[in-house]
Amino acid sequence: RQSLLGQAGRRTTLGLRPEHVRLGEARGADETAADAVVELVEPLGSETLALLRIGEASLTGRFEPEPRLTPGDRIRVS
C-alpha cells in the first residue's frame, strides 16, 4: 500500500493472482475486502474460477468448488 501513495490521481494497473482472492471479510490489516458481482463461473472439478466485477474493475478468483457460485451472485471478497 505504501508504494501506491505516490500514485494518487494517476491511472494504475495492478496484477492480482486468482489464488489470492478469498471469499469473505479481510482477516487482518494487510487485507482489504470489497463487494463483488459474479459475472462468469467456470467449475473445474477440484476448483472453481469466477470472473468478478468490483465497480468498473474485473478480476478472476480461484475458489474451492463449494460453495457454488452463480452469475449474478453478490459476494464479499478479500
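Residues numbered from 1 in each chain as written. Predicted model: local features only at pLDDT ≥ 70, side-chain atom pairs only at ≥ 80, totals over all residues. Heavy atoms only, no water.

1. Overview of the overall build of the protein
Tallying secondary structure elements over the protein gives zero helices and four strands in all. Mapped from its N terminus to its C terminus, the protein presents α and β elements in the order β-β-β-β. With the C-alpha coordinates of the protein rotated into their principal frame, the extents come out at 40 × 25 × 20 Å. Per-residue burial over the protein gives 21% buried out of 78 residues. Pairs at least 24 apart in sequence give 52% of the contacts found in the protein among residues at least 6 apart. Roughly 5900 Å² of accessible area belongs to the protein as shown, and the carbon and sulfur atoms make up 49% of that amount. A distance of 6 Å separates the average location of the 11 positive side-chain charges in the protein from that of its 12 negative side-chain charges. (Helix = DSSP H or I, 4+ residues; strand = E, 2+ residues; numbered from the N terminus. Buried < 20%, exposed > 50% of the residue type's maximum accessible area, 1.4 Å probe, protein only. Contact = heavy atoms within 4.5 Å. Areas by Shrake-Rupley, 256 points an atom, 1.4 Å probe, with all protein chains shown as cover. Lys, Arg positive; Asp, Glu negative; His and termini not counted. Charge placed at Lys NZ, Arg CZ, Asp CG, Glu CD.)

2. Regarding the pattern of salt bridges
Under the criterion given, the structure shown has six salt bridges. The network of salt bridges with shared partners includes Glu-25, Asp-35 and Arg-76. (Salt bridge = Lys/Arg side-chain N within 4 Å of Asp/Glu carboxyl O.)

3. Here's the deal with the nonpolar core
One recurring pattern in soluble globular proteins: nonpolar side chains tend to sit buried together. Core analysis: the largest hydrophobic core is formed by eleven residues, namely Val-21, Ala-36, Val-38, Val-41, Ala-50, Leu-52, Leu-59, Phe-63, Leu-69, Ile-75 and Val-77. Broken down by secondary-structure element, the contributors of at least two residues to this core are β1 (34–43), β2 (48–54), β3 (57–63) and β4 (74–77). For this core, the element with the most residues is β1, which contributes three residues. Apart from residues lying up to four places away in sequence, Val-38 is in contact with Leu-51, Leu-52, Thr-70, Pro-71, Gly-72, Asp-73 and Ile-75. (Core = buried A, V, L, I, M, F, W, Y, C linked by side-chain atoms within 4.5 Å.)

4. Concerning unusual backbone geometry
Looking along the chain, the bond that leaves Glu-66 and enters Pro-67 is cis, with omega of 5 degrees. Its place among the elements puts Pro-67 in the loop between β3 and β4.

5. A look at the side chain of Arg-22
Along the chain, Arg-22 turns up in the segment before β1. Excluding residues within four positions of it along the chain, Arg-22 makes contact with Arg-27, Glu-31, Phe-63, Arg-76, Val-77 and Ser-78.

6. Focus on the side chain of Ser-78
Inspection of the secondary structure puts Ser-78 in the segment after β4. The contact partners of Ser-78, leaving out residues within four places of it in the chain, are His-20, Val-21, Arg-22, Gly-24, Glu-25, Ala-26, Glu-31, Thr-32 and Ala-33.

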